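This is what each chain is made of:
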Amino acid sequence: MVEYSAPDPTQLDAVFGALADPTRRAMLRQLKQGPRSVGELGAPHDMSFAGAAKHVKRLEQASLVTRERRGRQQMCRLNPEPLADAQRWLEQYAAFWTERLHALETLLTAADDDQGAPDDRHTE
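Residues numbered from 1 in each chain as written. Predicted model: local features only at pLDDT ≥ 70, side-chain atom pairs only at ≥ 80, totals over all residues. Heavy atoms only, no water.

## Focus on the overall build of the chain
Working step 1: Tallying secondary structure elements over the chain gives 6 helices and 3 strands in all.
Working step 2: Going from N to C terminus, the chain has its helices and strands arranged as α-α-β-α-α-β-β-α-α.
Working step 3: By the burial criterion, 26% of the 124 residues in the chain qualify as buried.
Working step 4: Sequence separation of 24 or more characterises 52% of the internal contacts of the chain that already satisfy a separation of 6 or more.
Working step 5: Only carbon and sulfur atoms are counted for the fraction: they give 53% of the accessible area of the chain, which is about 9000 Å². (Helix = DSSP H or I, 4+ residues; strand = E, 2+ residues; numbered from the N terminus. Buried < 20%, exposed > 50% of the residue type's maximum accessible area, 1.4 Å probe, protein only. Contact = heavy atoms within 4.5 Å. Areas by Shrake-Rupley, 256 points an atom, 1.4 Å probe, with all protein chains shown as cover.)

## Thoughts on the packing of helix 2 (residues 22-32) against helix 4 (residues 49-61)
Working step 1: Contact geometry of helix 2 with helix 4 gives a least axis separation of 10 Å together with a crossing angle of 80 degrees. As far as their axial angle goes, helix 4 and helix 2 are roughly perpendicular. Across the interface between the two elements, Thr-23, Arg-24, Met-27 and Leu-28 of helix 2 pack against Ala-52, His-55, Val-56, Arg-58 and Leu-59 of helix 4.
Working step 2: Tallied by class, residues from the contact of helix 2 with helix 4 come to 5 nonpolar, 2 polar and 2 charged. (Axes fitted to C-alpha atoms, helices over the stretch in contact; angles between N-to-C directions. Parallel < 35°, antiparallel > 145°, perpendicular 65-115°, else oblique. Nonpolar A, V, L, I, M, F, W, Y, C, P; charged D, E, K, R; others polar.)

## Topic: the nonpolar core
When a protein is soluble and globular, its nonpolar side chains tend to lie buried together.
Working step 1: Ranked by internal contacts, the top residues of the largest apolar core, which has 18 residues, are Val-56, Leu-59, Leu-64, Val-65 and Cys-76.
Working step 2: Of all elements in the fold, only helix 1 (9-19), helix 2, helix 3 (38-42) and helix 4 reach the threshold of two or more residues within this core.
Working step 3: Excluding residues within four positions of it along the chain, Val-56 makes contact with Met-27, Val-38, Leu-41, Val-65, Arg-67 and Cys-76. (Core = buried A, V, L, I, M, F, W, Y, C linked by side-chain atoms within 4.5 Å.)

## Looking at the side chain of Thr-23
Working step 1: Residue position: Thr-23 is located in helix 2.
Working step 2: In this structure Thr-23 touches His-45, Met-47 and His-55, once residues within four positions along its chain are discounted.

## With respect to the environment of Met-27
Working step 1: Note that Met-27 resides in helix 2.
Working step 2: Spatially, the C-alpha atoms of Met-27 and Pro-44 are 9.2 Å apart, while their sequence positions differ by 17 residues.
Working step 3: Apart from residues no more than four positions distant in its own chain, Met-27 is found in contact with Leu-41, Gly-42, His-45, Met-47, Ala-52, His-55, Val-56 and Leu-59.

## Digging into the sheet that holds strand 3 (residues 73-78)
Working step 1: Read across the open sheet, the 3 strands follow the order 1-3-2; overall the sheet is antiparallel. Looking along the sheet, the strands with just one partner apiece sit at the ends: strand 1 (36-37) and strand 2 (65-70).
Working step 2: In the sheet, strand 2 pairs with strand 3 via 6 bridges, with the strands oriented antiparallel. Looking at strand 3, one finds that Val-65 is bridged to Leu-78.
Working step 3: On top of the sheet, helix 2 reaches strand 1, strand 2 and strand 3; it is set at about 85 degrees to strand 3, its chief contact.
Working step 4: Lying over the sheet, helix 4 contacts strand 2 and strand 3, oriented at roughly 130 degrees with respect to strand 2. (Pairing = 2+ DSSP bridges.)

Rendered as structure tokens:
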């Protein structure tokens, strides 16, 4: 059996902080297609190289992206492992809410059964 081990909370904070920005999420979507330069990542957002580099740095700090220099270009690659850690953390809460919603459904079904069908209540 595979056991869940909680990710480092500092790392998890960095991942969620990086994902909080829509520009960085868009950059990650671009990187799903393969490596991109910092300039390519910034181009759809009409931002300067420096602006794109700041976003990439935040993604690097969260270990979501690795960057390497190829000549004059800085190439970025997606590192999906921190996303998997975040998903495992979120799954704990998905299970919690599934259980809570199932309990609510059970209560509502029991309440409906106790009251009878709506047509039955108004007959004389």
